[in-house]
Amino acid sequence: MPLGEPEEAELTLERREDRLVLAGDPRRYGHPLAVDFVAGRAAHRRRFGGGRGQLIARACGLGKGVMPSVVDATAGLGRDAFVLASLGAEVLLVERVAAIFALLEDGVARALADPETAEVAARMHLVHGDATRELDALVAASGVAPQVVHLDPMFPHRDKSSLVKKEMRLFRLLAGDDNDAPRLLEAALDVATHRVVVKRPRKAPPIAGPAPRHVIAGKTSRYDLYVHRSLTSG
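Residues numbered from 1 in each chain as written. Predicted model: local features only at pLDDT ≥ 70, side-chain atom pairs only at ≥ 80, totals over all residues. Heavy atoms only, no water.

### Overview of the nonpolar core
Then comes step 1: Ranked by internal contacts, the top residues of the largest apolar core, which has 46 residues, are F37, L84, V91 and M124.
Then comes step 2: Ignoring sequence-local partners within four residues, the contact set of M124 consists of F37, G78, A81, F82, A85, V91, L93 and V108.
Then comes step 3: Counting 24 residues, the second largest nonpolar core, distinct from the first, contains V94, V127, L184 and L185. (Core = buried A, V, L, I, M, F, W, Y, C linked by side-chain atoms within 4.5 Å. Buried < 20%, exposed > 50% of the residue type's maximum accessible area, 1.4 Å probe, protein only. Contact = heavy atoms within 4.5 Å.)

Here's what the structure looks like:
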């Protein structure tokens with residue numbers, strides 16, 4: 001079905017073979033976009049991604065004897081949430097864009113139906129809503145304890161190299177840039193009981209607001225940590 005907003009009219013949600021896809025002009029957007037936790041990139045990372053040594057696992061506090069529950073308040077295509085769930089965390093995925101949420105629902109449903117991913121997908125709980133406006137209410141209704149809130153706000157890309165990834169061009173048309181990131185951080189800090197984790201490009205400035213207490217940096221990205229209290233075992 002065509003999407004509603006004028007700029008989005010060139011995109012359609014449709015079922016192809018066994019999955020829901022978001023499709024547009026292939027010359028501009030490349031292959032249709034789908035959420036797949038069973039095969040491809042997600043399967044490879046589940047098997048060979050590095051376990052709890054991965055940056056995101058360390059940032060979210062997944063360690064020996066420690067398995068916090070996580071709210072992914074900017075779920076997107078669910079890749080980070082799937083990594084955390086594959087390591088044993090209960091994850092609440094909050095997504096505000098209806099078409100992306102539909103792709104997530106479809107991806108989780110197919111993962112639940114596959115024996116290799118069913119246990120992981122069962123730890124992924126989806127909710128459709130705007131985290132900047134109603135994060136507290138969404139979390140309260142979910143039953144997931146918000147020990148850690150993970151944020152990966154869309155960072156404005158102005159360089160021409162960003163046009164190379166057609167998949168992200170399609171995604172950005174729907175999601176847009178997160179110009180309300182400071183408000184999102186404020187909402188997350190109000191809700192998280194232990195820490196807020198913000199994924200950023202390595203050289204990007206922190207989100208406007210309080211300064212992060214810790215930073216965990218990788219080659220291309222980093223995690224800014226805002227800590228209320230320590231995560232402990234038990």
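Picking up where we left off.
### Things to note about the pairing of strand β9 (residues 221–227)
Then comes step 1: A large share of β9 lies buried, amounting to 7 of its 7 residues.
Then comes step 2: Pairing between strand β7 (residues 195–201) and β9: 7 bridges, direction antiparallel. Bridge pairing in β9 places V196 opposite Y226.
Then comes step 3: In this sheet, β9 lies alongside strand β8 (residues 214–217) in antiparallel orientation, the contact comprising 4 bridges. (Helix = DSSP H or I, 4+ residues; strand = E, 2+ residues; numbered from the N terminus. Pairing = 2+ DSSP bridges.)

### A few points about the pattern of salt bridges
A side chain with one charge may pair with a side chain of the opposite charge, provided their charged atoms come close.
Then comes step 1: Scanning the entire structure with this criterion turns up 12 salt bridges.
Then comes step 2: A salt bridge links R19 to D36; the shortest N-O distance between them is 3.4 Å. Taken as a pair, R19 in strand β2 (residues 19–23) and D36 in the loop between α1 (26–29) and α2 (40–48) lie far apart in primary sequence, 17 residues in all.
Then comes step 3: Where D180 meets R96, a salt bridge forms, and the shortest distance between an N and an O atom there is 3.3 Å. In this pair, D180 sits in the loop between α8 (166–175) and α9 (181–191) while R96 sits in the loop between β4 (91–95) and α5 (98–112), placing the two residues 84 residues apart along the sequence.
Then comes step 4: Classification of R96 by relative accessible area gives partly exposed; the value is 30%.
Then comes step 5: Residues joined by salt bridges that share partners form a network here, namely R15, D18, R19, D36, D106 and R110. (Salt bridge = Lys/Arg side-chain N within 4 Å of Asp/Glu carboxyl O.)

### Topic: the sheet that holds strand β3 (residues 70–72)
Then comes step 1: The 7 strands lie next to each other as β5-β4-β3-β6-β7-β9-β8, forming an open sheet whose pairing is mixed. At either margin of the open sheet sits one strand with a lone partner, and together these are β5 (124–128) and β8. Averaged over all pairs of adjacent strands, the angle between strand axes in this sheet comes to 20°, irrespective of strand direction.
Then comes step 2: As defined by bridge partners, strand β6 (residues 148–151) adjoins β7 across 4 bridges and the pair is classed as parallel. Bridged to H150 within β7 is V197.
Then comes step 3: Sitting on the sheet, helix α4 (residues 79–86) touches β3, β4, β5, β6 and β7, and the angle it makes with β4 is about 170°.
Then comes step 4: Against the sheet, helix α7 (residues 131–142) makes contact with β3, β4 and β5, and its axis sits at roughly 145° relative to β4, the strand it touches most. (Axes fitted to C-alpha atoms, helices over the stretch in contact; angles between N-to-C directions.)

### Observations concerning the pairing of strand β1 (residues 12–16)
Then comes step 1: Pairing between β1 and β2: 5 bridges, direction antiparallel. Looking at the pairing, R15 lines up with L20 of β2.
Then comes step 2: Between the antiparallel neighbours β1 and β2 lie 2 residues, among them E17 with a positive phi of about 55°.

### Some points on the packing of α7 against α9
Then comes step 1: At their nearest, the axes of α7 and α9 sit 8 Å apart, and the two run at 15° to each other. Compared by their axis directions, α7 and α9 come out roughly parallel. In this structure, α7 meets α9 at a crossing whose hand is right-handed. Mapping the contact onto sequence places A131, T132, R133, L135, D136 and V139 in α7 and R183, L184, A187, A188 and V191 in α9. (Parallel < 35°, antiparallel > 145°, perpendicular 65-115°, else oblique. Left-handed = near helix turned anticlockwise from the far one by under 90°.)

### Description of the side chain of D72
Then comes step 1: Tracing the chain through its elements places D72 in strand β3.
Then comes step 2: One buried charge, D72, has no salt-bridge partner; the nearest side chain with opposite charge is K199, at 9.2 Å.
Then comes step 3: Contact partners of D72, with chain neighbours within four places excluded, come to D80, A81, V91, L92, L93, V94 and H150. (Lys, Arg positive; Asp, Glu negative; His and termini not counted.)

### With respect to the confidence of the model for the chain
Do not read the predicted coordinates in detail wherever pLDDT is low.
Then comes step 1: When pLDDT is averaged across the chain, the result is 86; 81% of the residues are at 70 or more.
Then comes step 2: Segment residues 159–164 is flagged for pLDDT under 50; beyond a separation of four residues in sequence, or across chains, it makes 2 contacts in the model. (pLDDT = per-residue confidence, 0-100.)

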